[in-house]
Amino acid sequence: RPGVDWPSTSAVLSHDAQIIAAGITTVFDAVSIGDVNPKGNRMQKLPAMLNAIASAQEAGLTRAEHRLHLRCELCHPDTLSVFRDLVENPLVQLVSVMDHSPGQRQFVLESKYREYYMGKYHLNDETMDAFIVLQMANSKAYSDRYRAAIVEHCLGRGLSVASHDDATLAHVEESARYGMSIAEFPTTLEAARGCRQLGMNVLMGAPNVVRGGSHSGNVAAAGLAAEGLLDILSSDYYPASLLQAAFVLADQQDGGDLSRAVRMISLAPARAAGLNDRGEIAIGLRADLVQARSREGLPVVQQVWRQAKRVF
């Protein structure tokens, strides 16, 4: 409910239960740096959130293995300083950089930008006008400088870095030039093809596959898979979608053969994130296993093992 605080450790354990029930044994908890909500307070909540994840895992309370994914909003004045404070956390494994200012990438049309943020944050016309002016000014002041600094720091530490919402070949070329290896949610077929040419892994959301398309009108993930341009699926905003999307893709494109689709939710993301000890069933790797049964095309998780220990 809006305005309701909840104890952090309790929230982590509830989240962990949802993750393991979805058959996910390694989860990248996405932590957003830079709040685009003018009334938001998530920047103030970050230390408590990260501490709760780390302490719960250290105490053996979590059933999935939790890593951190820092999602850096480049047009927020404090993003770089907060990033530098958090990136040394040993759980950080993945970083993505994004600019959600209007007129580009996900929000080429200002009308779509207005519709999204006015609906999500209940802004009136006057507040929305001021918000747009501020976001565009902040993007001009910080975005390029922060992107360069964050990516350079990550590559120096051996962290995987993802671009976000690349829409054009120029966006992809810029991301590749910086050394990013993952393209998170490219919005067009042109961008996805550019990623393939430049050796970047294309990552799309599993809900896009399950729902049959993007909720924001961008390119469909299944369409990219049909073109051979999809490498990785992420759970995005709905953990249970991950396994279901693999079944959907297998039925649509591989005649029910799960192997290629499952690779998109196991081996491919593990390798892209630098986790070389998991992602497939092989001698010498971790015994992270999921048993699922298809019920009318819907996968139902029966049992889950993490490092050979049954956790669900």
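This one's a predicted model, so the numbers in the text were calculated from it and none came from an experiment.

Q: Summarise the sheet that holds strand β1 (residues 26-33); cite the residues concerned and give the values.
A: Sheet architecture is open: seven strands sit in the order β1-β2-β3-β4-β5-β6-β7, paired in parallel fashion. Two strands in the sheet have a free side with no partner beyond their single neighbour: β1 and β7 (232-234). Across this sheet, the average inter-strand angle for adjacent strands is 30°, counted without regard to direction. Pairing between strand β6 (residues 201-205) and β7: three bridges, direction parallel. In the strand pairing of β7, Met204 is matched with Leu233.

Q: Before we move on, could you go through the environment of Ala250 and cite the residues and values that matter?
A: Residue placement: Ala250 occurs in helix α10 (residues 241-253). Measuring from C-alpha to C-alpha, the distance between Ala250 and Ser32 comes to 32 Å, with 218 residues separating the pair along the chain. Among all residues touching Ala250, those that are not within four sequence positions of it are Gly255, Gly256, Asp257, Leu258 and Ala261.

Q: Now, about the confidence of the model for the protein chain: what can you tell me, with residues and values included?
A: Residues with a pLDDT of 70 or more make up 92% of the protein chain, whose mean pLDDT is 90. The element-level mean pLDDT for the protein chain is lowest in helix α4 (residues 110-121), coming to 69, with strand β10 (residues 309-310) highest at 98.

Q: For α10, give the residues involved together with the corresponding values.
A: An α-helix turns once every 3.6 residues. As a result, residues three or four positions apart point the same way. Taking 1.5 Å per residue as the helical rise, α10 with its 13 residues ought to reach 18 Å, and the 18 Å between its terminal C-alpha atoms agrees with that figure. Every buried residue of α10 is accounted for by Ser241, Leu242, Leu243, Ala245, Ala246, Phe247, Val248, Leu249 and Ala250. Within two residues after α10, Gly255 carries a phi angle of roughly 60°, on the positive side.

Q: Quick one: what's the story with unusual backbone geometry, residue by residue and with numbers?
A: Not every positive phi belongs to a glycine, and Asp165 is a case in point at roughly 60°. One can find Asp165 in the loop between β4 (160-164) and α6 (169-178). In this structure, Asp236 is a non-glycine residue whose phi angle is positive, near 55°. Position of Asp236 relative to the elements: it lies in the loop between β7 and α10. Overall, Asp236 belongs to the partly exposed group, its relative accessible area being 41%.

Q: Go over the sheet that holds β10 with me, naming the residues and quoting the values.
A: If you walk across this open sheet you meet the three strands as β8-β9-β10, and the pairing is antiparallel. Of all strands in the sheet, those with a lone pairing partner are β8 (289-295) and β10, marking the two edges. As defined by bridge partners, β8 adjoins strand β9 (residues 298-306) across seven bridges and the pair is classed as antiparallel. Paired with Val290 across the strands is Val304, a residue of β9. On top of the sheet, α10 reaches β8 and β9; it is set at about 125° to β9, its chief contact.

What counts and what doesn't
- Residues numbered from 1 in each chain as written.
- Predicted model: local features only at pLDDT ≥ 70, side-chain atom pairs only at ≥ 80, totals over all residues.
- Heavy atoms only, no water.
- Pairing = 2+ DSSP bridges.
- Helix = DSSP H or I, 4+ residues; strand = E, 2+ residues; numbered from the N terminus.
- Axes fitted to C-alpha atoms, helices over the stretch in contact; angles between N-to-C directions.
- Contact = heavy atoms within 4.5 Å.
- pLDDT = per-residue confidence, 0-100.
- Expected span 1.5 Å × (residues − 1).
- Buried < 20%, exposed > 50% of the residue type's maximum accessible area, 1.4 Å probe, protein only.

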